[in-house]
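Listed below are the residues making up each chain.
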Amino acid sequence: MNLRPFTASEVDTARLAEFRCSTGAVFEDEVEDWITRHAVAWANDLPRAVFQRRALNLVEDDDGALAAVVAWQDIVRIDRDGIWIEVLAVATDHQHRGIGRQVPALVTDQLRGIERDGDELAGLVRPDNDRSRQMLTGAGWVILGRLDDHDLMIGRL
Amino acid sequence: MSLVLLPFPLAKSTELAEVMRPGGHLRPDSALRALRDNGLPAAAVSVVPRSEQGAKGRAVWYSSLVVDVTRLLRVRDLDAARAVHEAATELANHRSARALADALVGAGPEPDAAALDEETGGALTRLALLTASRREDLTARLHIDRFVGRVMAVESGTAQVRTDDDRWVAIPAPTSARIGLGAAVAVDIERLDSGGSLTWVRPAFASDNDPNQRVRGGPRLLTNDEKRRLGAPAPAVG
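Worth saying up front: this structure is predicted, and the values here are computed from it rather than measured. (Residues numbered from 1 in each chain as written. Chains lettered and ligands numbered in written order. Predicted model: local features only at pLDDT ≥ 70, side-chain atom pairs only at ≥ 80, totals over all residues.)

Draft legend 1. Representation of the overall build of chain A. Summing up its helical and strand segments, chain A has six helices and seven strands in all. Helices and strands in chain A line up, N terminus first, as β-α-α-α-α-β-β-β-α-β-α-β-β. Relative to the 2.2 N^0.38 estimate, which gives 15 Å for 157 residues, the radius of gyration of chain A is 15 Å and therefore close to what a compact globule would have. The dimensions of chain A, computed from C-alpha atoms along their principal axes, are 35 × 35 × 25 Å. When contacts within chain A are restricted to residue pairs at least 6 apart in sequence, those whose partners lie at least 24 apart make up 56%. (Helix = DSSP H or I, 4+ residues; strand = E, 2+ residues; numbered from the N terminus. Rg over C-alpha atoms; globule rule 2.2 N^0.38 Å. Contact = placed C-beta atoms within 7 Å.)

Draft legend 2. Quick peek at the environment of Asp33(A). You can see Asp33(A) is positioned in helix H2 (residues 26-37). A sequence separation of 20 residues divides Asp33(A) from Thr13(A), and the C-alpha atoms of the two residues are 14 Å apart.

Draft legend 3. Structural view of the pairing of strand E7 (residues 168-172) of chain B. Residues and elements named next belong to chain B. Summarising the sheet, strand E6 (residues 158-163) and E7 pair through five bridges and their orientation is antiparallel. Bridging across to E7, Arg 162 finds its partner in Trp 168. With antiparallel pairing between neighbouring strands as the criterion, E6 and E7 make up a hairpin whose turn holds four residues, including Asp 166 at a positive phi of roughly 70 degrees. (Pairing = 2+ DSSP bridges.)

Draft legend 4. Seen up close, the interface of chain A and chain B. Chain A puts 35 residues into the contact, and the matching count from chain B is 31 residues. For the side of chain A that touches chain B, the elements supplying multiple residues, two or more each, are helix H3 (39-43), helix H4 (48-51), strand E4 (82-90), helix H5 (99-112), strand E5 (120-125), strand E6 (142-147) and strand E7 (150-156) of chain A. The class makeup of the residues in the side of chain A that touches chain B is 19 nonpolar, seven polar and nine charged. (Nonpolar A, V, L, I, M, F, W, Y, C, P; charged D, E, K, R; others polar.)

Draft legend 5. Examining the sheet that holds E6(A) more closely. All names here are of chain A. Read from one edge of the open sheet, seven strands run E1-E2-E3-E4-E5-E7-E6, paired in mixed fashion. Across the chains shown, the open sheet's two edge strands, defined by having one partner strand only, are strand E1 (2-5) and E6. The sheet shows a mean angle of 30 degrees between the axes of neighbouring strands, direction not considered. One ladder, built from six bridges, connects strand E2 (residues 55-60) with strand E3 (residues 66-74); its direction is antiparallel. Its bridge partner lying in E3, Asn 57 is registered against Val 70. (Axes fitted to C-alpha atoms, helices over the stretch in contact; angles between N-to-C directions.)

And the structure:
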């Protein structure tokens, strides 16, 4: 698999708009909606995108197909320094193939090489989103508390 | 989705002088010198030229933690002052402070917090959150009670403040023109050895809400329990 930055090309824009990760759960619909309709605005929202070092990335499989979407930025929601994972979603046609374990490892490797203020990882997961919670706990994350009706999960590089 | 009130995380030397000598008159330079002479030099976040006269016409912003350092120096709690000073110096060099430094140059002598936060992409909120966090960590050493809220009424020299946890507290009406009806305020009540207290009112602001984030909402401080848990050996990822 390959992780690369989203570009503003027509191809990437179309692939993002067509990205599907929901199997019907409400929280999966919310993530899919954000990726297809709001992620580009999030990444281009100046000057926030600059100060918060936002990055929207595509994960492609060995055939070049879009396997996952990952977005991160500096942590700003809590009083720790590190990287905030805004979204990490595996495409429906790539689910149940072990990619849910590979993507966090790929992202972690990428994040170890970027400029950042700290080594903590943080993100929000809906309490009923068992699959995402399992994916992250399998990668060593823990649930720290609650934030805006979500579980605040923490990992470390 | 609620707006979170945060104390303004920066202070000028005039505020340091007021805290160093409550009710008296002390030159700002003298307050800075007293800090320096006690091994507690105030690290500047931003130096704002006010005129072409160079150093003679400038405003310097410091971490608001230096206000605490000044207060602790006044009461001669030097151990606590050094601990807070270390945090203040660290924050003055934080990336969020560096992002604010340039923006402050163009923001005028009394910057609008919301505009400053917007212009810097949330750097003011970030620095304010980290500053509040450090104060929380050091709370046992600060000798103050504190809260944030909004001024809901001003009458006969008294301001009624509605706190962020929905209490109503009466405080002496702030004299600053910046802090009027409806203003967000951060109140520190300093407990004196004599049994009395001093009330300090500083500006606060409502942190920015990002319309594009996936989960809407403002920042929050971790609880002490959450911080303790993060202080344990961290889980390895990958």
